[in-house]
Amino acid sequence: MYSIPEWGQSISKAGTLEVFKAGKIIEVIQIPAGSISFSFGRLIENDVTFDHESVSRHHAILQFGPRNSAYIFDLGSTHGSFMNKKQLPQCQFIKVTSGNDILQFGGSSRLFVLNLAEED
């Protein structure tokens, strides 16, 4: 089971996840200020839900840290999590660069770009 690391912190300013499919933005998901993490998976209790058989029920966590930083953590999913088309190791925090890195989960064709405001 996932537990928030001791360095985990809530984001001070709201952010967004841009969702792309076939090269076009199909949705912008709001991440409220004060969020400490954001979850991905098939179950409705996740912040971002998928209707795709290759995405695990609890697939990955986007963990926020100091100075509005973000890290992706694959929860041991069956079909993996990817950043910039490279499969990520399971159960390790991998830094996500806001506005730059592209996240993908399982075999879903949806791509995600995180946008967090820089802290002053």
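Below is a summary of the structure that appears in this document.

Cut-off values and rules
Residues numbered from 1 in each chain as written. Predicted model: local features only at pLDDT ≥ 70, side-chain atom pairs only at ≥ 80, totals over all residues. Heavy atoms only, no water. Helix = DSSP H or I, 4+ residues; strand = E, 2+ residues; numbered from the N terminus. Rg over C-alpha atoms; globule rule 2.2 N^0.38 Å. Contact = heavy atoms within 4.5 Å. Areas by Shrake-Rupley, 256 points an atom, 1.4 Å probe, with all protein chains shown as cover. Core = buried A, V, L, I, M, F, W, Y, C linked by side-chain atoms within 4.5 Å. Buried < 20%, exposed > 50% of the residue type's maximum accessible area, 1.4 Å probe, protein only. Pairing = 2+ DSSP bridges.

1. Topic: the overall build of the chain
Okay, step 1: Helices and strands together make up the secondary structure of the chain, namely 0 helices and 11 strands.
Okay, step 2: Secondary structure elements of the chain, listed N to C terminal, follow the sequence β-β-β-β-β-β-β-β-β-β-β.
Okay, step 3: Against the globule reference of 14 Å for 120 residues, the chain gives a C-alpha radius of gyration of 13 Å, in line with a compact fold.
Okay, step 4: Taken along the three principal axes of its C-alpha coordinates, the chain extends 40 × 35 × 25 Å.
Okay, step 5: In the chain, the proportion of contacts linking residues at least 24 apart, taken out of those at least 6 apart, comes to 43%.
Okay, step 6: Put simply, the chain shows about 6,600 Å² of open surface, and 49% of that area lies on carbon and sulfur atoms.

2. What about the nonpolar core?
Okay, step 1: Judged by nonpolar contacts, the single largest core of 23 residues is most densely connected at Leu17, Phe40, Leu62, Ile72 and Phe112.
Okay, step 2: When residues of this core are traced back to their parent elements, those giving at least two are β1 (15-21), β2 (24-31), β3 (37-41), β5 (60-65), β6 (69-74), β10 (102-105) and β11 (111-116).
Okay, step 3: Setting aside its immediate chain neighbours within four residues, isoleucine 72 contacts Phe40, Ala60, Ile61, Leu62, Leu88, Gln92, Phe93, Ile94, Val96, Leu103 and Phe105.

3. Overview of the sheet that holds strand β8 (residues 86-87)
Backbone hydrogen bonds are what pair the strands of a sheet, in a parallel or an antiparallel way.
Okay, step 1: Spatially, β2-β1-β11-β10-β7-β8 is the arrangement adopted by the 6 strands of the open sheet, whose pairing is antiparallel. Looking along the sheet, the strands with just one partner apiece sit at the ends: β2 and β8.

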